[in-house]
Amino acid sequence: MIITIIGRICSGKNYFCNKFISDSVKVIEIGDIVREITQSENRVYDTSLDQRIVSKLIYYNDLYEDLVIVGIRQLSIFLWLKEMTLINGNEFVSVFLTAPKAVLKERYIKRAAFKDLSLSFEDAIKRDSLLGLEELITYLYKTNTRHINYSHYEIDNTLQEK
């Protein structure tokens, strides 16, 4: 089975995985693959990396029966992954996480991650869009791809309790 966790920046993708995905399932973050390919700790927005990302996903797919792929931004990668999974007779599920823009921005500012230091929230959103995230989100809504719109109010309340 392949599960993709998709959402805008600071939508709770990692939190969702930590809370709902079993420790026995391999979780692959696209951002980690990109940082490995580019040897950079900063955010990288480069659509020319698609084929190299796909190559890494093929490698992981051969190693693990069940995978959770977090942070896909490009429709081309998503479609390839979906097709490969279905051709192999496996189940393919997408979880799309949503939150109001003001909540995303507040989380972005609060986390102040090293990888985010050189970008404003608005720049990060714009670059995700340039990679194709909005196109991917539109595809999720227009197709019969299984996806879940997960309310972030529960996640926000849980985070505030910690």
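Here, every reference points to the structure presented above.
Computed from a predicted model, the values in this text were never measured in an experiment.

Thoughts on the side chain of Lys13
Looking at where Lys13 falls in the secondary structure, it is placed in helix α1 (residues 13-20). This buried residue, Lys13, is left without a salt bridge; Asp128 holds the nearest opposite charge, at 6.5 Å. Separated by 2.9 Å, the side chain of Lys13 and the backbone oxygen of Arg8 make a polar contact. Among residues more than four places away in sequence, those in contact with Lys13 are Ile5, Ile6, Gly7, Arg8, Val70, Gly71, Arg73 and Leu97.

Regarding the packing of aromatic side chains
Centre distance and the angle of the planes are the two values used to describe a pair of aromatic rings. Within this structure, the stated rule accounts for six aromatic pairs. Each ring, one from Phe78 and one from Tyr139, has its centre 5.8 Å from the other, and the planes form 70°; the classification is edge-to-face. In this pair, Phe78 is assigned in helix α4 (residues 75-87) and Tyr139 in helix α7 (residues 133-142), connecting sequence segments 61 residues apart. Given a relative accessible area of 0%, Phe78 falls into the buried group. A ring pair is formed by Phe96 and Tyr141, whose centres lie 5.7 Å apart and whose planes are at 90°; its orientation type is edge-to-face.

Let's talk about helix α5 (residues 101-111)
All buried positions along α5 are accounted for by Val103, Leu104, Arg107 and Tyr108. The buried residues of α5 all sit within an arc of 135° when viewed along its axis, so they share a single face. Summarising the geometry of α5, the exposed residues directed more than 90 degrees from the buried face are Lys101, Ala102, Ile109 and Lys110.

Remarks on the side chain of Asn61
Following the sequence through the fold, Asn61 ends up in helix α3 (residues 50-63). Judged by its relative accessible area of 15%, Asn61 falls in the buried class.

Quick notes on the pattern of salt bridges
For the structure on display, the rule yields six salt bridges. With a closest N to O distance of 2.8 Å, Lys105 and Glu122 form a salt bridge. Taken together, the positions of Lys105 in helix α5 and Glu122 in helix α6 (residues 121-131) put the pair 17 residues apart, joining distant regions of the chain. One salt bridge connects Glu106 with Lys110, and the closest N-O pair in it is separated by 3.1 Å. Placement of the pair is Glu106 and Lys110 together in helix α5, with a separation of four residues, close to one helical turn. Given a relative accessible area of 63%, Lys110 falls into the exposed group.

Notes on a nonpolar patch on the surface
On the surface, a nonpolar cluster with roughly 300 Å² of combined accessible area is contributed by Tyr59, Leu63 and Tyr64. Mapped onto the secondary structure, Tyr59 falls in helix α3. In this structure Tyr59 comes out as partly exposed when scored by relative accessible area, which is 45%.

Conventions and cut-offs
Residues numbered from 1 in each chain as written. Predicted model: local features only at pLDDT ≥ 70, side-chain atom pairs only at ≥ 80, totals over all residues. Heavy atoms only, no water. Helix = DSSP H or I, 4+ residues; strand = E, 2+ residues; numbered from the N terminus. Buried < 20%, exposed > 50% of the residue type's maximum accessible area, 1.4 Å probe, protein only. Lys, Arg positive; Asp, Glu negative; His and termini not counted. Salt bridge = Lys/Arg side-chain N within 4 Å of Asp/Glu carboxyl O. Polar contact = N/O pair within 3.5 Å; in protein donor to acceptor, adjacent residues only side chain to side chain. Contact = heavy atoms within 4.5 Å. Phe/Tyr/Trp six-rings, centres within 6.5 Å; stacked < 30°, edge-to-face > 60°. Arc of directions from axis to C-beta. Patch = residues over 30% accessible without salt bridge, like charges linked within 9 Å, V, L, I, M, F, W, Y side chains within 5 Å. Areas by Shrake-Rupley, 256 points an atom, 1.4 Å probe, with all protein chains shown as cover.

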